[in-house]
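Notes for the structure review
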Amino acid sequence: KQEVTQIPAALSVPEGENLVLNCSFTDSAIYNLQWFRQDPGKGLTSLLLIQSSQREQTSGRLNASLDKSSGRSTLYIAASQPGDSATYLCAVRQGDYKLSFGAGTTVTVRA
Amino acid sequence: SAVISQKPSRDICQRGTSLTIQCQVDSQVTMMFWYRQQPGQSLTLIATANQGSEATYESGFVIDKFPISRPNLTFSTLTVSNMSPEDSSIYLCSVAVREGLGTDTQYFGPGTRLTVL
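Residues numbered from 1 in each chain as written. Chains lettered and ligands numbered in written order. Predicted model: local features only at pLDDT ≥ 70, side-chain atom pairs only at ≥ 80, totals over all residues. Heavy atoms only, no water.

**Observations concerning the pattern of salt bridges**
Should the charged atoms of two oppositely charged side chains come close, the side chains can pair. Spelled out, the test is: Take a side-chain nitrogen of Lys or Arg and a carboxyl oxygen of Asp or Glu: if they are within 4 Å of each other, that pair is a salt bridge. Think of it in three bands: with a 1.4 Å probe and only protein chains considered, a residue is buried below 20% of the maximum accessible area for its type, exposed above 50%, and partly exposed in between. Only DSSP runs of H or I with at least four residues qualify as helices, and only runs of E with at least two residues qualify as strands; both kinds are numbered from the N terminus onward.
Summed over all chains, the structure comprises six salt bridges over all chains. The salt bridge involving Arg 37 of chain A is made with Asp 39 of chain A; its shortest N-O contact spans 3.0 Å. You can call Arg 37 of chain A buried: its relative accessible area is 16%. In this structure Asp 39 of chain A comes out as partly exposed when scored by relative accessible area, which is 26%. Residues Lys 65 of chain B and Asp 87 of chain B are paired through a salt bridge, measuring 2.7 Å at the closest nitrogen-oxygen approach. Here Asp 87 of chain B lies in the loop between strand 8 (75–80) and strand 9 (89–98) and Lys 65 of chain B lies in the loop between strand 6 (56–57) and strand 7 (68–72), a separation of 22 residues in the sequence. The class of Asp 87 of chain B is buried, set by a relative accessible area of 5%. Here the salt bridges share partners, and the residues they tie into one network are Arg 93 of chain A together with Arg 98 and Asp 104 of chain B.

In structure tokens form, the structure reads like this:
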């Protein structure tokens, strides 16, 4: 069974600092990995999707890397802003469309 | 991409009653899913909603407790039956959309926050 772990569970940084969020998974036979953002009491917003054959994806201030062989992904958020405060979830998909989620990293960016 | 709406957005219910949650997608999609997020926890897949046939349930979830309908490719309902306080969660509808070069991205609805007293 796929186990997904996210470290740290919570992170507080001053505005402008870069954020580094880690995700690890136990079964490297994945189809893709997706990073989501969740605001309190709300649904999930898709941020980045990395296919298993890719090493990284970028969107604006966000960059996600994937090392499938070691079972790791990292989400980098450059020059953090208070609006980046949210919970960030990583999810891995194996062949059948089912997503296995980590518990999330709750980020607070202090103004 | 896909835009997903859910109704209701939240509800407070008495134990022993049932609630039906609706999920509407703005385009036809093959793959539609229902997830549960219990307080302070991450998401757990309840079932895959199959159009024209019975839903496929994950371990620990049964049809009698969580009946699902999928009458067409844009709509699904999830019913939480005979509710207890342990059913208090956010319930989320999700779809998988193919977006070129074989990439399947999953999108989520805004969720339904259920509180059972």
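**Observations concerning the layout of surface pockets**
The cut-off we apply is this: Here the term cavity refers to a set of points on a 1 Å grid, laid over the protein atoms alone, in which a 1.4 Å probe fits but cannot get out; the term pocket refers to an open set having protein on both sides within 12 Å along at least five of seven lines, with lining residues being those that place an atom within 4 Å of a point. Grid points are joined across faces, edges and corners, and a volume is the space filled by probe spheres set on the points. Polarity classes work like this: nonpolar for Ala, Val, Leu, Ile, Met, Phe, Trp, Tyr, Cys and Pro, charged for Asp, Glu, Lys and Arg, and polar for all others, with Gly in that last group.
Its boundaries defined by the atoms lining it, the largest pocket holds a volume of some 490 Å³. Lining the largest pocket are 17 residues, and of these Lys 1, Gln 2, Leu 99, Ser 100 and Phe 101 of chain A sit closest to its centre. For the lining of the largest pocket, the secondary structure elements donating two or more residues are strand 10 (99–101) of chain A together with strand 5 (43–49) of chain B. Of the residues that constitute the lining of the largest pocket, the class distribution is six nonpolar, six polar and five charged. Computed from the structure, the second largest pocket encloses a volume of approximately 290 Å³. Looking at the lining of the second largest pocket residue by residue, the class counts come to six nonpolar, eleven polar and two charged.

**Considerations on the interface of chain A and chain B**
We count it as follows: The contact criterion used is simple: two residues touch if any of their non-hydrogen atoms lie within 4.5 Å. In short, buried area is how much 1.4 Å probe accessible area vanishes from two parts on joining, totalled over both. In the analysis that follows, any N or O atom pair within 3.5 Å is treated as a polar contact, provided that within protein one partner can donate a hydrogen and the other can accept it, and provided that, for residues neighboring in sequence, both atoms belong to side chains.
If you look at the interface, chain A gives 20 residues, while chain B gives 22 residues. Across the chain A to chain B interface the summed buried area is about 1,600 Å²; carbon plus sulfur atoms make up 53%. On the chain A side of the interface with chain B, the three residues burying the most area are Tyr 97, Lys 98 and Phe 101 of chain A, jointly 33% of the side's total. Counting every contact that joins chain A to chain B gives two salt bridges. Residue Glu 58 of chain B pairs with Lys 98 of chain A through a salt bridge whose shortest N-O separation is 3.2 Å. Along the contact surface separating chain A from chain B lie seven residue pairs in polar contact (both at pLDDT 80 or more). Mapped onto the side of chain A that touches chain B, the elements with two or more residues apiece are strand 4 (32–38), strand 5 (44–51), strand 9 (86–93) and strand 10 of chain A. Among the residues making up the side of chain A that touches chain B, the classes are represented as nine nonpolar, eight polar and three charged.

**Some details on the environment of Pro 67 of chain B**
Residues and elements named next belong to chain B. Mapped onto the fold, Pro 67 is located in the loop between strand 6 and strand 7. Measuring from C-alpha to C-alpha, the distance between Pro 67 and Gly 52 comes to 14 Å, with 15 residues separating the pair along the chain. Among all residues touching Pro 67, those that are not within four sequence positions of it are Tyr 57, Thr 77, Leu 78, Thr 79 and Ser 81.

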